[in-house]
Amino acid sequence: MRGPAPEPTVPRHTGPLLTRALAEALHGARAAGAATWTGSFDLGRSETQVLLDADAWTYAERRYPYPGRLKDRTLYWWDGEDFAAVSRFSGALIKLVPTEWGAPTFEIDGIKMLPTARTSPVEDARRKVALVEPRGRIVLDTCGGLGYFAGCCLEAGAARILSFEKNADVLWLRTLNPWSPDPGAAEAGGRLVLTHADVAEAIADLPDAAVDAVLHDPPRFGIAGELYSQAFYDQLARVLRRGGRLFHYTGSPNRLTSGRDVPREVARRLEKAGFQARPALDGVFATRR
């Protein structure tokens, strides 16, 4: 299959991730005279016992200084010199944000990119992925983000996932997020192809009827209007085989302030492109006619 080359494998972060609550627990255990403390340093994926000394603590046979005062709603990683916020600024502030569910969300200039108010972002992704029934199928994941759609497709037995992510800083967040799937991991079995590219351009290189299902989770319209355009929906129809399924996240932006119904607008454009479409969850579910 023609298309952009996949993103080269980037080393995954294996050190501890800290939140304010976790740092306070470490300080509290030391103050209480404890020699060890057990907790999760990978956002709830596992628990590890660390050794506590007066001036440092040991995780995975490496000593770290006790962190200073950390901020709420911020994750910290060891950058080789100190515990630094998991964030980058290159035109916009992109930040990994902890949640009560373990799996983090991320923000761009303070705007949360994933729903987390009522459920884990991974569980939210799992429900949406189930709509396209990925088992044994080739799935196009248009806007990879933290990779939760792709991870749920792997979990559900997809044959192959073609995932695109335009933002290099988001790809960097993935290397620090224990909940983001690793394309090079044994459990992925080479099924996840992650490409650093703008899907609005890269989709032109995919052959006709190349995929069996599509997951489309674009940024809001004001940031990436081209991913809501008739031209892009025509391309989605071209690369998706007849009978293939699509889920398009839309949310309900501007409904209260302007009365605009973005899901219905999207459904109309998808119908024009050759889909049968209807509202589903917080977006639109469609089938290629």
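Residues numbered from 1 in each chain as written. Predicted model: local features only at pLDDT ≥ 70, side-chain atom pairs only at ≥ 80, totals over all residues. Heavy atoms only, no water.

Visitor: Even after reading the chapter, I still don't get the overall build of the protein, so can you show me in this structure?
Guide: Across its full length, the protein carries eight helices and 18 strands. Here the protein has a C-alpha radius of gyration of 21 Å; the compact-globule value for 289 residues is 19 Å, and the two agree. Principal-axis analysis of the C-alpha atoms places the extent of the protein at approximately 70 × 45 × 30 Å. Evaluated residue by residue, the protein yields a buried proportion of 48% over its 289 residues. Counted over contacts in the protein with a minimum sequence separation of 6, partners at least 24 positions apart contribute 59%. Here the protein has roughly 13,700 Å² of accessible surface; of this, 50% comes from carbon and sulfur atoms. (Helix = DSSP H or I, 4+ residues; strand = E, 2+ residues; numbered from the N terminus. Rg over C-alpha atoms; globule rule 2.2 N^0.38 Å. Buried < 20%, exposed > 50% of the residue type's maximum accessible area, 1.4 Å probe, protein only. Contact = heavy atoms within 4.5 Å. Areas by Shrake-Rupley, 256 points an atom, 1.4 Å probe, with all protein chains shown as cover.)

Visitor: I keep staring at the packing of helix H2 (residues 121-131) against helix H3 (residues 148-155) and nothing clicks. Help me out?
Guide: As a packed pair, H2 and H3 sit with axes 9 Å apart at the nearest point and diverge in direction by 60 degrees. As the angle between them shows, H2 and H3 are arranged oblique. Taken as a pair, H2 and H3 cross one another with a handedness that is right-handed. The residues of H3 that touch H2, namely those facing Pro121, Val122, Ala125, Arg126, Lys128 and Val129, are Tyr148, Phe149, Cys152, Cys153 and Glu155. Across the contact of H2 with H3, the residue classes tally to eight nonpolar, no polar and three charged. (Axes fitted to C-alpha atoms, helices over the stretch in contact; angles between N-to-C directions. Parallel < 35°, antiparallel > 145°, perpendicular 65-115°, else oblique. Left-handed = near helix turned anticlockwise from the far one by under 90°. Nonpolar A, V, L, I, M, F, W, Y, C, P; charged D, E, K, R; others polar.)

Visitor: Even after reading the chapter, I still don't get the side chain of Asn177, so can you show me in this structure?
Guide: By the element assignment, Asn177 lies in the loop between helix H4 (168-176) and strand E14 (192-196). Of the polar contacts made by the side chain of Asn177, one reaches the backbone nitrogen of Trp179; its length is 3.0 Å. Asn177 has contacts with Arg12, Leu43, Leu96, Pro104, Leu146 and Tyr148, leaving out every residue within four places of it along the chain. (Polar contact = N/O pair within 3.5 Å; in protein donor to acceptor, adjacent residues only side chain to side chain.)

Visitor: In this structure, what is going on with the sheet that holds strand E9 (residues 93-97)? I would like to understand it.
Guide: Remark on secondary structure: sheet strands pair via backbone hydrogen bonds, oriented parallel or antiparallel. Here we have four strands laid out as an open sheet, ordered E8-E9-E10-E11, and antiparallel in their pairing. Of all strands in the sheet, those with a lone pairing partner are strand E8 (87-89) and strand E11 (111-112), marking the two edges. Where strand E10 (residues 105-108) and E11 come together, two bridges link them in antiparallel fashion. Its bridge partner being in E11, Ile108 is matched across the sheet by Ile111. Across the sheet, H4 is in contact with E8, E9 and E10; its angle to E9 comes to roughly 20 degrees. (Pairing = 2+ DSSP bridges.)

Visitor: Sorry, what's going on with the environment of Pro16 here?
Guide: Its place among the elements puts Pro16 in the segment before strand E1 (17-18). On a C-alpha basis, the gap between Pro16 and Arg127 in space is 30 Å, while along the polypeptide they are 111 residues apart. Every residue in contact with Pro16, bar those within four places of it in the chain, is listed here: Phe41, Trp57, Tyr59, Tyr64, Tyr76, Trp77, Trp78 and Phe83.

Visitor: How should H3 be read in this particular structure?
Guide: Each α-helix winds once per 3.6 residues, and so residues spaced three or four apart point in a common direction. Of all eight residues that make up H3, six are buried, and the element is covered over most of its length. Within the sequence span of H3, burial applies to Tyr148, Phe149, Ala150, Cys152, Cys153 and Leu154. Buried residues along H3 sit in contact with H2, strand E12 (138-141), strand E13 (160-165), E14 and strand E15 (211-216). Just beyond H3, the residue with positive phi is Gly157, at close to 90 degrees.

Visitor: How should unusual backbone geometry be read in this particular structure?
Guide: Residues other than glycine predominantly adopt negative phi, and peptide bonds predominantly adopt the trans conformation. With a phi close to 50 degrees, Ala209 is a non-glycine residue in the positive phi region. Relative to the elements of secondary structure, Ala209 occurs in the loop between helix H5 (199-202) and E15. Not every positive phi belongs to a glycine, and Leu281 is a case in point at roughly 50 degrees. Mapped onto the fold, Leu281 is located in the loop between strand E17 (275-280) and strand E18 (283-288).

Visitor: Explain the environment of Arg245 to me, please; I cannot follow it from the model alone.
Guide: With respect to the helices and strands, the residue Arg245 is situated in strand E16 (residues 240-249). Residue classification places Arg245 among the partly exposed residues on the basis of a relative accessible area of 26%. Along the chain, Arg245 and Ala277 lie 32 residues apart, while their C-alpha atoms are 9.9 Å from each other. With near-sequence residues (within four places) excluded, Arg245 lies in contact with Leu131, Val132, Glu133, Asp212, Ala213, Val214, Leu240, Phe285 and Ala286. At 2.9 Å, the side chain of Arg245 forms a polar contact with the backbone oxygen of Leu131.

Everything listed is a geometric property; what it means functionally is a separate question.
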